[in-house]
Amino acid sequence: MKIVWERSVYIGNAPVFCTICDRRSYPVKVHGQLLLAVLYDQQGVFQGEVCRSCVACGSEGIKARLQERIQALQAKTIELQTFTQTDIETPSLEEEFHVHRPYGNEMTG
Ligand SMILES: [Zn+2]
């Protein structure tokens, strides 16, 4: 895979999310042009943008960051899977109303 600096295809200075670390990343202004680091796979297919911090990490640093993120996502996946193992009771609108307004007025409308 390969990362190259390219002119931003987006309008303005809007942030993108780094494909590697998922953090917010802003384009870099060079000679009046907004540049973004773009990740391509072996076939030259666009895979997303990369933040400056990840670019500065180099190949090995990027691999380490990816491993960290993979582990965090796996932990999150396990957590979400435990949620699917039982039914989840949802509150009625009336119950919710009481939660948000314990001393509130009667529900209208
Ligand atoms: Zn990043």
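To be clear, the structure that these remarks concern was listed above.
Now for a look at the structure at hand. (Residues numbered from 1 in each chain as written. Predicted model: local features only at pLDDT ≥ 70, side-chain atom pairs only at ≥ 80, totals over all residues. Heavy atoms only, no water.)

Some words on the environment of Glu68
Here's step 1: Its place among the elements puts Glu68 in helix 1 (residues 52–83).
Here's step 2: According to the relative accessible area criterion, Glu68 is exposed, its value standing at 57%.
Here's step 3: For the pair Glu68 and Cys21, spaced 47 residues apart in the sequence, the C-alpha separation amounts to 8.8 Å. (Helix = DSSP H or I, 4+ residues; strand = E, 2+ residues; numbered from the N terminus. Buried < 20%, exposed > 50% of the residue type's maximum accessible area, 1.4 Å probe, protein only.)

Regarding the packing of aromatic side chains
Here's step 1: In total, this model carries one aromatic pair according to the counting rule given.
Here's step 2: On the numbers, 6.4 Å between centres and 75° between planes, the contact of Tyr40 with Phe46 is edge-to-face. (Phe/Tyr/Trp six-rings, centres within 6.5 Å; stacked < 30°, edge-to-face > 60°.)

Considerations on the nonpolar core
Here's step 1: Counting nine residues, the largest nonpolar core consists of Cys18, Ile20, Cys21, Ala37, Leu39, Val50, Cys51, Cys54 and Ile62.
Here's step 2: Every element with two or more residues in this core is listed here: strand 5 (33–40) and helix 1.
Here's step 3: Residues within four places of Cys54 in sequence aside, it is in contact with Cys18, Ile20, Cys21, Ile62 and Arg65. (Core = buried A, V, L, I, M, F, W, Y, C linked by side-chain atoms within 4.5 Å. Contact = heavy atoms within 4.5 Å.)

Digging into a nonpolar patch on the surface
Here's step 1: Together, Val9, Tyr10 and Phe46 give the surface a local cluster of nonpolar side chains, amounting to about 330 Å² of exposed area.
Here's step 2: Judged by its relative accessible area of 71%, Val9 is exposed. (Patch = residues over 30% accessible without salt bridge, like charges linked within 9 Å, V, L, I, M, F, W, Y side chains within 5 Å. Areas by Shrake-Rupley, 256 points an atom, 1.4 Å probe, with all protein chains shown as cover. Salt bridge = Lys/Arg side-chain N within 4 Å of Asp/Glu carboxyl O.)

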